[in-house]
Amino acid sequence: MSASSWYRRYVWNYKGNREYTKSGYDYAKTRFVADDLEVDCSDRHYIITGCNSGIGFEIGREVARRGGVLHMVCRNFEAAKKARSDIITTTGNDKIHLHTVDLSRPRDVLAWARDFAASHDKLNVLINNAGCMVHERQLDADGIENNFAVNTLAVHILVVTLLPLLERSEDARVINVSSAGMLCVKLDPHDLMHENLEPFDGRLVYSQNKRQQVVMALWYAQRYDKVHFSSMHPGWADTVAVRTSIPQFYEMMKDSLRTAAEGADTAVWLAISKAALKHPSGLFFQDREPVSVHLPLAWTKSSIEDENLFMAKVQDLFQTISTPRTEAPAESQATATPVHEPPSPTEPKPEEAAAEEPKTAAAPKPEEPVEEPKTAAAPKPEEPVEEPKTAAAPKPEEPVEETKSSPAPKHEEPVEEPKTPAALNTEEPHNAPEPKLDEPVEEPHKQEEKDINSEEAKSPDVQTEPVRPAVTTLPAMVACEGPAVSTTTTNTVESTDEILSNLTDKCSLEDEPRAAVEDIPLVVAEETSSADEIEEVPAAAAEKKTPSAETEDVPGVLADKKPVDEAEKIAEVAGGQSALE
């Protein structure tokens, strides 16, 4: 809440000296209509707060003089009792009821209002006159500031609680006795308890509360059309509250102040006259006339959103005090202990229950047994997945090294042996169907094939797997010079290096006559009649061109053959030639 500006104070002082003083009242009463107050108030019920002195006492006496039923709501019982006696003595009206209520205690105000609404069937006028100006910030048990509780919250409690009773009554009215001091401030809906007001200023807080009363009167009027709402400014009157709350102001202005009866005149007019109902509900009155609630160029107007926010917060406070308050700590502990006791026999401690669950495997909670199998089953699938990866990694590497020096294990031989130099030349038969070439060639040399198979059977390391037949019955010319047709190798005791060395010693290109080697493709090209022989034989013969391939392409199966003489080689070449023809 911001402090009032110098401009607002200046305009307010100027306006107050002209209108709020006794001279201002004297000038205004020249416009009053005397007949407006000639009203019979008998059988009409009036509630007036703060009715034991000052303006409230004067309002009550004028109502009682006209025969009204008066309900005095006061905090001090002794002062209220004396005021009641004075009213009865001066008016002769004994229909005066005394109610002792401390408006600074919202819960007590609510309890009294509910009891009054339940015990009475009629209420015509509610006058919220009581007010206070406390210069120290004081909070009650609910955290409600003292000034706000009396000046604002008590008004809302009485209006809301007694509203059903007012709506059932004829010509119902609600009057809030405000102050012109509200013209110096703007509504602050955010800091109702004045927590941010440093230093705390009781006069500024009082002005804010009076602004709130004006906003509340208009807010009620817009929502409850069966009741006539209004707020008013009594002027600068000489009352006990002014003398005690703002003594400096009183000393400065005591010769110009109005009397309490003059200050109460507009409130009495709004409460009993029919002329007041000619004005719309929710207005702010001064000397029996509606006036503006803002000074010119004062920037004190608030938005509808701020007004609604303010009323929403006041309503929240009303709901708070409507809820019973639990003050006794012993009771709260007693209620708390039974909450912890029942689980103790079944579940001694949450930690012990969690520790026992894996042992018994029957947890009382449905969630725990669901989580346990997830954690237990997680490592099991990981172990078998990781083991084959680590175990399988070295296996493909080991046979690569063993093939160079020693024979590989039996189950790995068909995978790794093609990488040896003797088997590199056998990659082509995988793509080309060369077994067809093997079948016709094997027929004239079945005897040699049997010899080789017998030698393989003798060796303990040879596997008898159903592999493609190796071309081992070709003539010496093909065995020495042509590429190996078979893609399979027999596992012998000798290493690949020894086989190659023996072959290079046994076979060489110089031992064979060049004419015999060169005549083979020509004979095949001229004599072969089938298409299969034309396509397959040149492919085998074409590989004989390079002398370097003669030593490399000799298959490992021929490593077991005994050396032969050059004459036998030439005879075999001639025999192979005749066979091809």
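See the structure printed just above.
So, a few notes on the structure that sits alongside this text.

1. Remarks on helix H5 (residues 106–119)
Right, so step 1: For H5, spanning 14 residues, the distance from its first C-alpha to its last is 20 Å, which sits close to the expected 20 Å at 1.5 Å a residue.
Right, so step 2: Listed in full, the buried residues belonging to H5 are Pro106, Val109, Leu110, Trp112, Ala113 and Phe116. Burial along H5 is one-sided: seen end-on, the buried residues are contained in an arc of 165°.
Right, so step 3: Where H5 is buried, its residues contact strand E1 (45–49), strand E2 (69–74), strand E3 (96–100), helix H6 (146–167) and helix H11 (304–322).

2. Structural notes on the side chain of Arg173
Right, so step 1: Along the chain, the position of Arg173 falls in strand E5 (residues 172–177).
Right, so step 2: Engagement of the side chain of Arg173 in a polar contact is seen with the backbone oxygen of Ser273, the distance being 2.7 Å.

3. Some points on the pattern of salt bridges
Once their charged atoms are close, side chains differing in charge can pair, the charge on each being opposite to the other.
Right, so step 1: Inspection of the entire model under this criterion finds 18 salt bridges.
Right, so step 2: The residue Glu19 makes a salt bridge to Lys15 at a minimum N-O spacing of 3.0 Å. In this pair, Glu19 and Lys15 both sit in helix H1 (residues 6–19), four residues apart, roughly one turn of the helix.
Right, so step 3: Judged by relative accessible area, which is 26%, Glu19 ranks as partly exposed.
Right, so step 4: With a shortest N-O distance of 2.9 Å, Lys22 and Glu262 are connected by a salt bridge. Taken together, the residues Lys22 in helix H2 (residues 22–28) and Glu262 in helix H10 (residues 260–272) connect sequence positions 240 residues apart.

4. Some words on the packing of H6 against H11
Right, so step 1: In the contact formed by H6 and H11, the axes pass within 10 Å of each other and the chain directions differ by 80°. For the element pair H6 / H11, the angle class is roughly perpendicular. Each of Phe148, Thr152, Leu153, His156, Ile157, Val160 and Thr161 in H6 lies in contact with H11, whose residues at this interface are Phe310, Met311, Val314, Gln315, Leu317, Phe318 and Ile321.
Right, so step 2: Considered class by class, the residues forming the contact of H6 with H11 number ten nonpolar, four polar and no charged.

5. Here's the deal with H10
The periodicity of an α-helix, 3.6 residues per turn, causes residues three or four places apart in sequence to face the same way.
Right, so step 1: Taking 1.5 Å as the rise per residue, H10 with 13 residues should run 18 Å; its terminal C-alpha atoms sit 18 Å apart, in good agreement.
Right, so step 2: Along H10, the largest kink reaches about 35° and is centred on Thr266.
Right, so step 3: Counting buried residues along H10, twelve of its 13 residues qualify, which places the element largely inside the surrounding structure.
Right, so step 4: Among all positions in H10, only Ala260, Glu262, Gly263, Ala264, Asp265, Thr266, Ala267, Val268, Trp269, Leu270, Ala271 and Ile272 are buried.

6. Quick word on the pairing of E1
Along any regular strand the residues' side chains alternate between the sheet's two faces.
Right, so step 1: Taken across its five residues, E1 has five buried, putting it largely inside the fold.
Right, so step 2: Alternating residues of E1 divide into His45, Ile47 and Thr49 and Tyr46 and Ile48, and every residue in both groups is buried.
Right, so step 3: Summarising the sheet, E1 and E2 pair through five bridges and their orientation is parallel. Each residue of the ladder has a partner; that of His45, found in E2, is Val69.
Right, so step 4: With helix H3 (residues 54–65) bridging E1 and its parallel neighbour E2, the resulting β-α-β unit is right-handed.
Right, so step 5: One ladder, built from three bridges, connects E1 with strand E4 (residues 125–128); its direction is parallel. Note that in E4 the partner of Ile48 across the bridge is Ile127.

7. Describing unusual backbone geometry
Right, so step 1: Geometrically, the link from Glu198 to Pro199 is a cis peptide bond, its omega value of -5° lying close to zero.
Right, so step 2: You will see that Asp171, though not glycine, has its phi angle at about 55°, which is positive.
Right, so step 3: Its location among the elements puts Asp171 in the loop between H6 and E5.
Right, so step 4: In this model, Trp299 sits at a positive phi of 55°, which is unusual for a non-glycine residue.
Right, so step 5: Along the chain, Trp299 falls in the loop between strand E8 (289–290) and H11.

What counts as what
- Residues numbered from 1 in each chain as written.
- Predicted model: local features only at pLDDT ≥ 70, side-chain atom pairs only at ≥ 80, totals over all residues.
- Heavy atoms only, no water.
- Helix = DSSP H or I, 4+ residues; strand = E, 2+ residues; numbered from the N terminus.
- Expected span 1.5 Å × (residues − 1).
- Buried < 20%, exposed > 50% of the residue type's maximum accessible area, 1.4 Å probe, protein only.
- Arc of directions from axis to C-beta.
- Contact = heavy atoms within 4.5 Å.
- Polar contact = N/O pair within 3.5 Å; in protein donor to acceptor, adjacent residues only side chain to side chain.
- Salt bridge = Lys/Arg side-chain N within 4 Å of Asp/Glu carboxyl O.
- Axes fitted to C-alpha atoms, helices over the stretch in contact; angles between N-to-C directions.
- Parallel < 35°, antiparallel > 145°, perpendicular 65-115°, else oblique.
- Nonpolar A, V, L, I, M, F, W, Y, C, P; charged D, E, K, R; others polar.
- Bend = angle between axes of the 7 residues up to and from the residue.
- Pairing = 2+ DSSP bridges.
- Right-handed = clockwise from strand over helix to strand, strands pointing away.

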